[in-house]
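Overview (structure and organization)
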Amino acid sequence: MLADFIQYDFLRNTFLTGLLIGIIAPLLGTFIVVRRLSLIADALSHVTLAGIAFGLLIEKKFAAGLITPLYSGMAFSVLGSIFIEKLRGVYQAYQELAIPIILSGGVGLSVIFISLADGFNTELFNYLFGSVSAVSQNDFYSILAISIVIILVIRLFYKELVTLSFDEEHAIVSGIHSKRIHLLFIVLTALVIAASIRIVGVLLVSALMTLPVAASMRIARGFKQMIIFSIVFGELAVIIGLISGYYFSIPPGGTIVLVSIVILLLSIGLKRFNYTPKKEREVK
C-alpha cells in the first residue's frame, strides 16, 4: 500500500511531510491542552485561512509566484499569535477574550479575501481540508526546517515550558521570563498550524493538535509518556489518513480526524475496562 508513496515524488513529499506533522502537532498540542488553551489552535487556523486567501488573491490579481499561499498563511498565523499574546496582556483578568477576538478577525478577513479572489476553487478547497498531492518539494523543505526548529526549541526550553504549563506562579518566582516563553510558544504554535494545513487542512488542523493528546491523557502515567503516546497516535492517524485519502480519492484531513476520534474512544474504553472500583480492590 505504501509502494506508490515511495515511487512517486509528490506522494513521497506528502508522506514525509505527514510524518513530520504527526510529530510536531501533537508535541505542541500536549502543552496547549495542559495549559487549557485548546481554542488557540482554532483561532490561529482561521487567521491562517485569511493569509492563504490573501496569498491566492495576490497570485491571481497581481503577480503569480511573488508570494505563495503557504508563506502568506504562515505570516498571518505568526502575526495572529503575536496579537493574541498582546491582547492577553491587555485583558489580564479575562485573557480568554483574546482568542475569540482574533478568531473573529480571521474569519472576517478570510471572507473578504476569498470574495476578492473570486470565491472558492480547487486550490482553496485543498487548503481547507488537506490534500495528498498538494505538497511540493519546497513545501517539504520549509516544513522540515520548521520541524527542526520546533524540536530544538522544545528540547532547549522543556523545563521552562513544563513549569509554566503546570505552575505559572512558581515559574515566575523561579526567575523564568514567562512573557518571552509565552510569546515563543505561541509563535511556534502558529508555525505548526500553518505547516499542517497542506496535509490536514485549515478547518481540521486543531483536531490533530488536541485529539491525540486527549487520547493519551487517558492512558499515560506521566507528562513525558503523554507526549510519546500523543505522537504515536498522531502518526497513526496521519498515515491512515494519507493512505485512505490517496486510494479513495478523498481529502485526508477528514480521515485523520475520524481515526483520531476512534483512537480517543478506544483509549476511553480501555481506561474504563482496566478501572477497578476502590471497594472492589479492598475486597481483593
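Residues numbered from 1 in each chain as written. Predicted model: local features only at pLDDT ≥ 70, side-chain atom pairs only at ≥ 80, totals over all residues. Heavy atoms only, no water.

Below, the discussion takes up the overall build of the protein chain. On a plain count of helices and strands, the protein chain comes out with 14 helices and zero strands. For the protein chain, the succession of helices and strands along the chain, N to C, is α-α-α-α-α-α-α-α-α-α-α-α-α-α. Expressed along its principal axes, the backbone C-alpha trace of the protein chain runs to roughly 75 × 50 × 30 Å. Within the protein chain, the proportion of its 284 residues that are buried is 50%. A separation of at least 24 residues holds for 77% of the contacts in the protein chain among residues at least 6 apart in sequence. For the protein chain, the computed accessible surface area is about 14400 Å², with 67% contributed by carbon and sulfur atoms. In the protein chain, which carries 21 positive and 16 negative side-chain charges, the distance between the mean positions of the two groups comes to 9 Å. (Helix = DSSP H or I, 4+ residues; strand = E, 2+ residues; numbered from the N terminus. Buried < 20%, exposed > 50% of the residue type's maximum accessible area, 1.4 Å probe, protein only. Contact = heavy atoms within 4.5 Å. Areas by Shrake-Rupley, 256 points an atom, 1.4 Å probe, with all protein chains shown as cover. Lys, Arg positive; Asp, Glu negative; His and termini not counted. Charge placed at Lys NZ, Arg CZ, Asp CG, Glu CD.)

On to the environment of Phe-129. If you trace the backbone, Phe-129 turns up in helix α6 (residues 122–129). Separated by 122 residues in sequence, Phe-129 and Pro-251 place their C-alpha atoms 5.9 Å apart. Here Phe-129 is in contact with Ile-199, Val-200, Gly-201, Leu-203, Leu-204, Pro-251, Pro-252 and Gly-253, once residues within four sequence places are set aside.

Packing of helix α8 (residues 158–166) against helix α12 (residues 223–247) leaves a shortest axis separation of 13 Å and a crossing angle of 105°. Compared by their axis directions, α8 and α12 come out roughly perpendicular. Contact with α8, carried on its side by Tyr-158, Val-162 and Phe-166, involves Phe-223, Lys-224 and Ile-227 of α12 and no other residues of that element. A class-by-class count of the residues in the contact of α8 with α12 yields five nonpolar, no polar and one charged. (Axes fitted to C-alpha atoms, helices over the stretch in contact; angles between N-to-C directions. Parallel < 35°, antiparallel > 145°, perpendicular 65-115°, else oblique. Nonpolar A, V, L, I, M, F, W, Y, C, P; charged D, E, K, R; others polar.)

With that settled, the discussion passes to the confidence of the model for the protein chain. Model confidence for the protein chain is summarised by a mean pLDDT of 83, while 90% of its residues fall at 70 or above. Within the protein chain, helix α14 (residues 278–283) has the poorest average pLDDT of any element, 42, and α12 the best, 91. Under a pLDDT of 50 for its full length, residues 276–284 has, in the predicted model, one contact with residues more than four places off or in other chains. (pLDDT = per-residue confidence, 0-100.)

As a further point, take the nonpolar core. Counting residues in each nonpolar core, the largest one holds 83 residues, and the members touching the most others are Ile-21, Leu-28, Phe-31, Ile-150 and Met-209. Sort the elements by how many residues they give to this core and helix α3 (residues 39–61) lands first, with eleven residues. Beyond its immediate stretch of four places on either side in the chain, Ile-150 contacts Ile-24, Leu-28, Leu-188 and Val-192. (Core = buried A, V, L, I, M, F, W, Y, C linked by side-chain atoms within 4.5 Å.)

This brings us to the environment of Glu-123. Its location among the elements puts Glu-123 in helix α6. For Glu-123, a relative accessible area of 33% translates into the label partly exposed. Through-space distance from the C-alpha of Glu-123 to that of Thr-17 is 18 Å; in sequence the pair is 106 residues apart. Ignoring sequence-local partners within four residues, the contact set of Glu-123 consists of Leu-56, Glu-59 and Pro-69.

It is the contact of α3 with helix α5 (residues 98–116), at a shortest axis distance of 8 Å, that shows an interaxial angle of 20°. Here α3 lies roughly parallel to α5, going by the angle between them. Between α3 and α5 lies a crossing whose hand is left-handed. Facing α3, whose interface residues are Leu-39, Ile-40, Asp-42, Ala-43, His-46, Val-47, Leu-49, Ala-50, Ala-53, Phe-54, Leu-57 and Lys-61, α5 presents Ile-99, Ile-102, Leu-103, Gly-106, Val-107, Leu-109, Ser-110, Phe-113, Ile-114 and Leu-116. (Left-handed = near helix turned anticlockwise from the far one by under 90°.)

As recorded in UniProt, the feature "transmembrane region" (unreviewed entry) lies at residues 15–34, 64–85, 97–120, 140–158, 179–197, 227–248 and 254–274. Summarising residues 140–158: 95% helix, 0% strand, and an end-to-end C-alpha distance of 26 Å. Between the end C-alpha atoms of residues 179–197 the distance is 28 Å, and the span holds 95% helix and 0% strand. (UniProt positions renumbered as here; feature names shortened; annotations may be inferred.)

So, about the side chain of Ser-196. Along the polypeptide, Ser-196 turns up in helix α10 (residues 178–196). Judged by its relative accessible area of 0%, Ser-196 is buried. In contact with Ser-196, other than residues within four places in its own chain, are Ile-21, Ala-25, Gly-201 and Val-205.

Taking 1.5 Å of rise per residue, 26 residues should cover 38 Å, and helix α2 (residues 9–34) covers 38 Å from first to last C-alpha, within 8% of that figure. α2 sits mainly inside the fold: 20 of its 26 residues count as buried. Taken from the residues just after α2, Arg-36 is the one with a positive phi, measuring 60°. (Expected span 1.5 Å × (residues − 1).)

Assignment of secondary structure puts Asp-139 in helix α7 (residues 137–156). Spatially, the C-alpha atoms of Asp-139 and Glu-85 are 28 Å apart, while their sequence positions differ by 54 residues. Among the polar contacts listed, one links the side chain of Asp-139 to the side chain of Ser-136, at a separation of 3.1 Å. (Polar contact = N/O pair within 3.5 Å; in protein donor to acceptor, adjacent residues only side chain to side chain.)

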